[in-house]
Amino acid sequence: MNPLAEALLLQAGYNAALVGIGAGLLGFAAGAAGTFLFLRKRALVSDAVAHATLPGVGLAFIVMVMAGGDGRNLLGLLAGSAVSAWVGLWLVQWMTRTTRLSEDAAIGAVLSVFFGLGIVILTVIQTMSSGRQAGLESFLLGSTAGMLFNDALIIAIGGSLAVIATWLLRRPMTLVSFDPDYAAASGTNVDRIDLAMMGLVMAVTVIGLKLVGLILIIALLIIPPVTARFWTERSDHVIWWAGIFGGVSGYVGAAISASAPALPTGAIIVLVAAGLFGLSLLFAPARGVAAAVLRHRRFQWRVHRRQGLLAMARAEPIHDPFTLRVLGSEGLVRRDGVPTDAGRAQAAKIARDERRWDVARQIHLDAGLTGRYDGLTPIEQVFTPDEIAEFDARIGGPAPVATQGGH
Amino acid sequence: MGAQFVQFSLTPILIGIFAAIACALPGNFLVLRRQALIGDAISHVVLPGIVVAFLITGTVAAIPMLLGAAGAAIVAVILIEAIKRLGRIEPGAAMGVTFTTLFAAGVLLLDQSDTSNVHLDVEHALMGNLESLIWFRAEGWHSLFDPVALAALPDELGRIFVVCLLVIALTVFFWRPLKISTFDEGFAQALGLPVGAMGFGLVVVAAIAAVAAFDAVGSIIVIAMFICPPAAARLMTNSLERQVWWSVGFATLAAILGYVFAGYGPLWFGGQNAVSAAGMIAAVSGVILGLACLYGPHRSRVGAARQQADA
């Protein structure tokens, strides 16, 4: 069996399997939690949170070493990162609330300053006698190489807890992301839900530190929700789509990186997520680029068809090559530009509908109905058969079509 | 404060100051236009740019690296716009998608290519290497007038100095249109100013400053200097002219104090090794911003006092 299939089927060793499952769960939780951020248009807050974890990791290491313990205890490091991420998040909110700086400036300030501080602390640790092999740099980009069993277990358990928390909080968080004012009016405590949402984002960030690294973890919070948005217009579906995209990215990414040496786990997971995003951007059914191009082509086709038929009804010559191609391919016009019987019949119908619209505008002064005239909407979709019959009565019935062969 | 200072500290401090000013100037406009995080995005995509440049040329020479980084920054800006328009996605999320993806691609390329014999790694890209840019040939202040010693100045100093001058010149030259289009885009359009081109030009200048500064000091300082000094300056005054001067002052102060604290601070506390100067400069700029947030004369939003009274 080839290594990738082995890793995908969880046959590549116990740790690799645990990492794969953990990455999948983490991706799912990140995608779902990130959806709420994305819908509240605060996607980049996660950037500040992620960068703000670094000083906490460093300080936790120093504290644990000073207390005589092993500085590399993952739970301790993650607890430290959670504390400093919380401080960073609080600072972003404090700055946006009390000063006139906008949120993006606050985010940028917090992420760069905390990251700088973190780097300073890392260089301090390097000079400590026990800090030489601390390996805290692995938190920058994540690393699964040489991951301990306990670490993998922490990621798997943390990922499951985050998924459960998302499930429990899904209703109030959906409400708050879509319409905070309505949520407040209907008795939801918006501040508390916002806090829970941020707590979830922070939890995902902290759990993902070891696996994906603090620079790339925000990709898991941002890319899956954006991808999911292409596939559905329904709020309660976006979350699960985002979760699924995130989960697949995490699981497949971890499997690919386990299948060969020197494939950085975090980067591969992000690139898988980006690949899914790219495919969705291009090929998603309603909002994708391909769908938009098709829609445009279809619209263009209908406009040319109609203009050609109108010209035909007025017995004017058609010069536009695209119009001729449209009419020709529907068998409405012959190769030399002479209308066929079917073409004459269609032209007559379009001319009659135009007259019907004229009458409709005289009878109905309601712009809500006649305003729907755009030349392309069939009149049958706007007026009832009775009304159309009334228009026809005023016009005096369709004129007979003069066919070439005669009947 | 004699020969040793000139040899070991003068050039890093100067490079830090020039880099800080080159980033802070466009940063003023980015902060006012609420595009502060463009700097963040640019400094992340620099990594894939330099890795691709390395893979093509096979060396770590400065010029190809700079070209690669600038190319990557432009690709990123175009991608962000494309995703925003084609997918109808809000700017923040489009930016997040773009720069994380490009950064991940850079990390993967770096891990896959053989860089064992050259100095090219992610940490270097993030933290820079300000401490190592020393002036070997200097023997004291008089070396400033010695052409032989001057020729041995680190190349980074010359590059960042030129870029800093370029940024200053562009800011002065385009001052009026920049100011008008930043504060009132509609009015600028009515005057016939090319608003779209101004916006794009600003981002390109920011990218040039980011890339040149990155070469010397790493990307942390770049992000910090784009945002912290202008944001702090914004809380000091209501006039754009004075804000720009404040930001230049704050940037310079952060660069000097940061370097001094990083180099000499640990010695005061009985330590032996210096800490990261780039990180310390970012931290000092954060302290300056924090003080401005607490005590800046124009820190509160217009009408904020009334809102509080109502509540």
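Residues numbered from 1 in each chain as written. Chains lettered and ligands numbered in written order. Predicted model: local features only at pLDDT ≥ 70, side-chain atom pairs only at ≥ 80, totals over all residues. Heavy atoms only, no water.

Q: Go over the overall build of chain A, please, and point to the residues and values.
A: Looking only at helices and strands, one finds 18 helices and zero strands in chain A. For chain A, whose C-alpha radius of gyration is 31 Å, the value lies well above the compact-globule estimate of 22 Å for 407 residues. Along the three orthogonal principal directions, the C-alpha set of chain A runs to about 105 × 55 × 35 Å. Here chain A holds 407 residues, and 51% of them are scored as buried. For chain A, the distance from the average site of its 32 positive side-chain charges to the average site of its 28 negative ones is 2 Å. (Helix = DSSP H or I, 4+ residues; strand = E, 2+ residues; numbered from the N terminus. Rg over C-alpha atoms; globule rule 2.2 N^0.38 Å. Buried < 20%, exposed > 50% of the residue type's maximum accessible area, 1.4 Å probe, protein only. Lys, Arg positive; Asp, Glu negative; His and termini not counted. Charge placed at Lys NZ, Arg CZ, Asp CG, Glu CD.)

Q: Got a sec to walk through the overall build of chain B? Specific residues and values, please.
A: Tallying secondary structure elements over chain B gives 14 helices and zero strands in all. When the elements of chain B are put in sequence order from the N terminus, they spell out α-α-α-α-α-α-α-α-α-α-α-α-α-α. Over its C-alpha trace chain B gives a radius of gyration of 20 Å, about what one expects of a compact globule, namely 19 Å for 311 residues. Across its three principal directions, the C-alpha atoms of chain B cover 60 × 45 × 40 Å. Within chain B, residue pairs in contact and separated by at least 24 positions form 71% of the contacts whose partners lie at least 6 positions apart. (Contact = heavy atoms within 4.5 Å.)

Q: Could you give an account of the interface of chain A and chain B, naming the residues involved and the relevant values?
A: Tallying the contact residues gives 56 residues for chain A and 58 residues for chain B. For the pair chain A and chain B, the two sides together bury roughly 4,600 Å², of which 75% comes from carbon and sulfur. Our enumeration of links across chain A and chain B arrives at zero salt bridges. One can count nine residue pairs in polar contact (both at pLDDT 80 or more) joining chain A with chain B. Going through the elements one at a time, α3 (45-51), α5 (74-98), α6 (103-127), α7 (138-141), α11 (217-229) and α13 (265-283) of chain A are the ones with two or more residues in the side of chain A that touches chain B. Broken down by element, the residue count for the side of chain A that touches chain B peaks at 16 residues, all from α6 of chain A. Taken together, the residues of the side of chain A that touches chain B sort by class into 38 nonpolar, ten polar and eight charged. (Buried area = accessible area lost by both parts, 1.4 Å probe. Salt bridge = Lys/Arg side-chain N within 4 Å of Asp/Glu carboxyl O. Polar contact = N/O pair within 3.5 Å; in protein donor to acceptor, adjacent residues only side chain to side chain. Nonpolar A, V, L, I, M, F, W, Y, C, P; charged D, E, K, R; others polar.)

Q: Which residues make up unusual backbone geometry, and what are the values?
A: Positive phi is not limited to glycine here, since Ala315 of chain A has a value of about 60 degrees. For Arg34 of chain B, which is not glycine, the phi torsion reads 60 degrees and is therefore positive. According to the relative accessible area criterion, Arg34 of chain B is exposed, its value standing at 59%.

Q: Describe the nonpolar core, listing the residues and the values that go with them.
A: Counting residues in each nonpolar core, the largest one holds 209 residues, and the members touching the most others are Met95, Val212 and Phe277 of chain A together with Ile89 and Leu289 of chain B. Excluding its chain neighbours within four sequence positions, the residues that come into contact with Met95 of chain A are Leu101, Ala106, Ala109 and Val110 of chain A together with Leu289 and Cys293 of chain B. Counting ten residues, the second-largest nonpolar core is a separate cluster that includes Leu309, Leu332, Ala347 and Ile350 of chain A. (Core = buried A, V, L, I, M, F, W, Y, C linked by side-chain atoms within 4.5 Å.)

Q: Go over the packing of aromatic side chains, please, and point to the residues and values.
A: Per the counting criterion, the structure on display carries 14 aromatic pairs over all chains. Aromatic pair Phe28 of chain A and Trp240 of chain A: ring centres 6.2 Å apart, planes at 25 degrees, arrangement stacked. One end of the pair, Phe28 of chain A, is in helix α2 (residues 14-39); the other, Trp240 of chain A, is in helix α12 (residues 235-259), with 212 residues separating them in the sequence. A centroid spacing of 5.1 Å and a plane angle of 90 degrees characterise the contact between Phe173 of chain B and Phe174 of chain B, whose relative ring orientation is edge-to-face. Phe174 of chain B sits in the partly exposed class, given a relative accessible area of 33%. The ring of Phe139 of chain A has Lys210 of chain A sitting right over it, with the charged end atom 5.6 Å from the ring centre. The ring of Phe230 of chain A has Arg287 of chain A lying over it, and the distance from NZ or CZ to the ring centre is 6.0 Å. (Phe/Tyr/Trp six-rings, centres within 6.5 Å; stacked < 30°, edge-to-face > 60°. Lys NZ or Arg CZ within 6 Å of the ring centre and 35° of its normal.)

Q: Would you mind going over empty space enclosed by the protein in detail, with residue names and values included?
A: A full pass over the atoms with the stated rule returns two cavities of 30 Å³ or more. Roughly 80 Å³ of internal volume is contained in the largest cavity. The wall of the largest cavity is formed by His51, Leu111, Ser112 and Phe115 of chain A together with Ser43, His44, Phe103, Leu126, Ser219, Ile220 and Ile223 of chain B. At the level of elements, α6 of chain A together with α2 (37-57) and α11 (219-234) of chain B are the ones that each hand at least two residues to the lining of the largest cavity. (1 Å grid on protein atoms, 1.4 Å probe; cavity = no way out; pocket = protein on both sides within 12 Å on 5 of 7 lines; lining within 4 Å. Points joined across faces, edges and corners; volume = space filled by probe spheres on them.)

Q: Got a sec to walk through helix α4 (residues 91-112) of chain B? Specific residues and values, please.
A: Given 3.6 residues per turn, any residue in an α-helix points the same way as the ones three and four places further on. End to end, α4 of chain B covers 32 Å across 22 residues, agreeing with the expected 32 Å (1.5 Å per residue, within 8%). Burial within α4 of chain B is extensive, with 17 of its 22 residues counted as buried. (Expected span 1.5 Å × (residues − 1).)

Q: Kindly report on the domain arrangement of chain A, identifying the contributing residues and their values.
A: Here the domain parsing of chain A yields domain 1 (3-283) and domain 2 (290-395). Look at where the C-alpha atoms of domain 1 of chain A and domain 2 of chain A centre, and you get two points 55 Å apart. (Domains from an automatic or database assignment.)

Q: Account for the pattern of salt bridges, naming residues and giving values.
A: Residues and elements named next belong to chain A. One pass over the full model with this rule turns up 14 salt bridges over all chains. Notably, a salt bridge pairs Arg305 with Glu330, separated by 2.7 Å at the nearest N-O pair. Residue Arg305 is found in helix α14 (residues 289-313), and its partner Glu330 is found in the loop between α15 (321-329) and α16 (341-363); the two are separated by 25 residues along the sequence. On the accessibility criterion, Arg305 (21% relative accessible area) is partly exposed.

Q: Describe the packing of α2 of chain B against helix α10 (residues 195-217) of chain B, listing the residues and the values that go with them.
A: Residue and element names in this part refer to chain B. Between α2 and α10, the shortest axis-to-axis distance is 10 Å and the interhelical angle comes to 55 degrees. In terms of orientation, α2 and α10 fall into the oblique class. Along this stretch, α2 crosses α10, giving a crossing that reads as right-handed. Contact with α2, carried on its side by Ile38, Ile42, Val46 and Ile50, involves Val203, Ala206, Ala207, Ala210, Val211 and Phe214 of α10 and no other residues of that element. Residue classes in the contact of α2 with α10 are distributed as ten nonpolar, no polar and no charged. (Axes fitted to C-alpha atoms, helices over the stretch in contact; angles between N-to-C directions. Parallel < 35°, antiparallel > 145°, perpendicular 65-115°, else oblique. Left-handed = near helix turned anticlockwise from the far one by under 90°.)

Q: So, the layout of surface pockets: which residues are in play, and what are the values?
A: For the largest pocket, the calculated volume is near 840 Å³. Lining of the largest pocket is provided by 33 residues; of these, Arg34, Gln35, Lys84, Pro91 and Met95 of chain B occupy positions nearest its centre. Going through the elements one at a time, α6 of chain A together with α2, α3 (62-87), α4, α8 (175-183), α9 (185-190) and α10 of chain B are the ones with two or more residues in the lining of the largest pocket. Classifying every residue of the lining of the largest pocket gives 14 nonpolar, eight polar and eleven charged.

Q: Got a sec to walk through the side chain of Ser81 of chain A? Specific residues and values, please.
A: All names here are of chain A. As for its placement among the helices and strands, Ser81 is situated in helix α5. For Ser81, a relative accessible area of 0% translates into the label buried. Once residues lying within four places of it in the same chain are set aside, the contact partners of Ser81 are Thr53, Gly56, Val57, Val206 and Leu209.

Q: Quick rundown of the environment of Ser46 of chain A? Include the residues and the values.
A: Residue and element names in this part refer to chain A. Assignment of secondary structure puts Ser46 in helix α3. Given a relative accessible area of 0%, Ser46 falls into the buried group. Sequence separation between Ser46 and Leu74 is 28 residues, and the spatial gap between their C-alpha atoms is 21 Å. When sequence neighbours within four positions are dropped, the list of residues in contact with Ser46 reads Leu37, Val201, Ile218, Leu221 and Ile222.

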